[in-house]
Amino acid sequence: MNILAPVRRDRILAELPQCLRKEAALHVHKDFHPRVTCACQEHRTGTVGFKISKVIVVGDLSVGKTCLINRFCKDTFDKNYKATIGVDFEMERFEVLGVPFSLQLWDTAGQERFKCIASTYYRGAQAIIIVFNLNDVASLEHTRQWLADALKENDPANVLLFLVGSKKDLSTPAQYVLMEKDALKLAQELKAEYWAVSSLTGENVREFFFRVAALTFEANVLAELEKSGARRIGDVVRIHSDDSNLYLTASKKKPTCCPCKQVPRLGERTSAGCCAVQHRCLRLL
Ligand SMILES: Nc1nc2c(ncn2[C@@H]2O[C@H](COP(=O)(O)OP(=O)(O)OP(=O)(O)O)[C@@H](O)[C@H]2O)c(=O)[nH]1
Ligand SMILES: [Mg+2]
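- An unreviewed UniProt entry annotates the protein as Ras-related protein Rab-34 originating from Ailuropoda melanoleuca.
- UniProt, in the comment section headed Cofactor (unreviewed entry), describes the protein in these words: "Mg(2+)".

If you want it as structure tokens, here you go:
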């Protein structure tokens, strides 16, 4: 029995949404990975359609994390600040290339006194969204620490990172240009994709979450193909410490038995095009 809500008509993705800035993007391909498109057409996406991918949203207090989620999920905006206590979450259902796909968006508290509660929910994220206020340079500087804390609970090689500047409506064009320069530099350093949004006007909010959904979906399908490919060959077996965290248990070490000998980041394409996610495998003797 499927207990998940049906997919709304405005949550259907037939194409890969593009990045905001090519200088700081997770990848700049125009379309989904060909293996993903092919797998979706041939209904070979395995368990992806039944899974729920966890996305955590972190950042300083009052940068606008809750407003960002509410603008996307409920199309509302509250000008009054109400601190998030601990965590909250929203579920969003998408259909990507005809396959249902669910994101669980975890809204965490930025206030120091609630941080220890919130951080217990960091584990198992497939994407981390680090939010800063485009009008507050200190909140940008703090993103490094927020990311470090989130990565203590997650394997850096297996999460997609997004650096999001909020409250764009409050910046003048000149202020924005200055802040964007620093933000792009930091996004490149963190290997995160950069976005700038306004929850008040809605600017880039939908585009941003569609991009998160699409890239997370792509990474999930590639991981699923890798897993089923290994099963079909019969002589390669994947090792998990926790099967419920299927895509998050990969070792940071280079695999020694992978034929392509390359270890790309999650969702990245290799020149051989055969090994799309970092993994560890063991050839049975
Ligand atoms: N002008 C403007 N104000 C915003 C925007 N986003 C959020 N705000 C305001 O900023 C304040 C804080 O927003 P929240 O979304 O509650 O901040 P938060 O990051 O969730 O804060 P914590 O839960 O304490 O971590 C509120 O008064 C919002 O109305 C925006 O895009 N533009
Ligand atoms: Mg909040």
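## Comments concerning the sheet that holds strand E7 (residues 193–196)
Strand pairing in a sheet is mediated by backbone hydrogen bonds. Such pairs are either parallel or antiparallel.
Right, on to step 1. The seven strands are arranged E1-E3-E4-E2-E5-E6-E7 in an open sheet whose pairing can be described as mixed. Looking at the sheet topology across the chains shown, the edges are occupied by strand E1 (12–13) and E7.
Right, on to step 2. In this sheet, strand E5 (residues 127–133) lies alongside strand E2 (residues 52–59) in parallel orientation, the contact comprising five bridges. Bridged to Val55 within E5 is Ala127.

## Examining the state of the cysteines
Here is the idea: a disulfide is a covalent bond, and it sits between the sulfur atoms of two cysteines.
Right, on to step 1. Evaluation of the coordinates by the stated rule reveals zero disulfides.
Right, on to step 2. No disulfide involves Cys38; its sulfur sits 9.2 Å from the nearest other cysteine sulfur, which is in Cys40.
Right, on to step 3. Judged by its relative accessible area of 29%, Cys38 falls in the partly exposed class.

## Regarding the pairing of strand E3 (residues 87–96)
Right, on to step 1. Both E1 and E3 contribute to a ladder of two bridges, which runs parallel. Among the inter-strand pairings, Leu13 is bridged to a residue of E3, identified as Val96.
Right, on to step 2. Of the strand pairs in this sheet, E3 and strand E4 (residues 99–108) are connected by ten bridges, and their pairing is antiparallel. Residue Arg93 lies in a different strand from E4, and its bridge partner there is Ser102.

## Here we look at the coordination of the magnesium ion (ligand 2)
Right, on to step 1. Within the first shell, the magnesium ion (ligand 2) binds the protein through Thr66 (OG1) and Thr84 (OG1), at distances of 2.0 Å. Of this pair, Thr66 sits in helix H2 (residues 65–74) while Thr84 sits in the loop between H2 and E3; the two residues are 18 residues apart in sequence, bridging distant segments of the chain.

## Quick look at the packing of aromatic side chains
Right, on to step 1. For the structure shown, the criterion picks out eleven aromatic pairs.
Right, on to step 2. Pairing Trp195 with Phe208 gives two aromatic rings, centres 5.8 Å apart and planes at 55°, and the pair type is tilted. Of this pair, Trp195 sits in strand E7 while Phe208 sits in helix H7 (residues 205–233), placing them 13 residues apart in sequence.
Right, on to step 3. An aromatic cluster is built from Phe72, Phe94, Phe162, Trp195, Phe208, Phe209 and Phe210, whose rings are joined through pairwise contacts.
Right, on to step 4. Note that Lys115 overlies the ring of Trp146, its terminal NZ or CZ placed 4.4 Å from the centroid.

## Notes on H2
Right, on to step 1. In terms of residue burial, H2 counts as a mostly covered element, since eight of its ten residues are buried.
Right, on to step 2. Among the residues of H2, Lys65, Cys67, Leu68, Ile69, Asn70, Arg71, Phe72 and Cys73 are the ones counted as buried.
Right, on to step 3. Asp75 occupies a position one or two residues after H2 and carries a positive phi of about 55°.

## Topic: the environment of Val197
Right, on to step 1. Along the chain, the position of Val197 falls in the loop between E7 and H7.
Right, on to step 2. A C-alpha to C-alpha distance of 5.1 Å links Val197 and Ser166, two positions 31 residues apart in sequence.
Right, on to step 3. Apart from the residues within four sequence positions on either side, Val197 is in contact with Leu68, Val164, Gly165, Ser166, Lys167, Lys168, Glu203, Asn204, Val205 and Phe208.

## Quick word on the pattern of salt bridges
Right, on to step 1. Inspection of every chain in the model, using the stated rule, returns 16 salt bridges.
Right, on to step 2. Where Glu224 meets Lys227, a salt bridge forms, and the shortest distance between an N and an O atom there is 3.5 Å. With Glu224 and Lys227 both in helix H7, this residue pair falls three residues apart, about one helical turn.
Right, on to step 3. Of the residues examined, Lys227 reaches a relative accessible area of 12% and is grouped as buried.
Right, on to step 4. Because the salt bridges share partners, they merge into one network encompassing Arg8, Asp10, Arg11 and Glu92.

What counts, and where the lines are drawn
Each residue is numbered by its place in its chain's sequence as written, counting from 1. Whichever chain is written first is A, and whichever ligand is written first is 1; the rest continue in order. This being a predicted model, a pLDDT of at least 70 is required before a residue's local features are given, and a value of 80 or more before pairs of side-chain atoms are given or counted; all residues contribute to the totals for chains, interfaces and linings. The side-chain values count all of the structure's non-hydrogen atoms but skip hydrogen atoms and water molecules. UniProt positions are given in the numbering used here, feature names are shortened, and annotations may be inferred rather than shown by experiment. Pairing between two strands is assigned when DSSP locates at least 2 bridges connecting them. For helices the rule is a DSSP run of H or I covering at least 4 residues; for strands it is a run of E covering at least 2, with both sets numbered from the N terminus onward. To count as a disulfide, a pair of cysteine sulfur atoms needs to be within 2.5 Å. Only protein chains enter the area calculation, which uses a 1.4 Å probe; residues under 20% of their type maximum are buried, those over 50% are exposed, and those in between are partly exposed. Any nitrogen, oxygen or sulfur atom within 2.8 Å of a metal ion counts as a donor, with the limit raised to 3.2 Å for Na, K and Ca, and since water is left out, coordination shells can look unfinished. Only centres within 6.5 Å qualify two rings of Phe, Tyr or Trp (six-membered ring in Trp) as a pair; their planes then separate them into stacked at under 30 degrees, edge-to-face at over 60, and tilted for everything else. Whether a charge sits over a ring depends on NZ of Lys or CZ of Arg being within 6 Å of the ring centre and within 35 degrees of the ring normal. Throughout, a contact is declared for two residues whenever any of their heavy atoms are within 4.5 Å. Each salt bridge in this description consists of a side-chain nitrogen of Lys or Arg and a carboxyl oxygen of Asp or Glu lying within 4 Å of one another.

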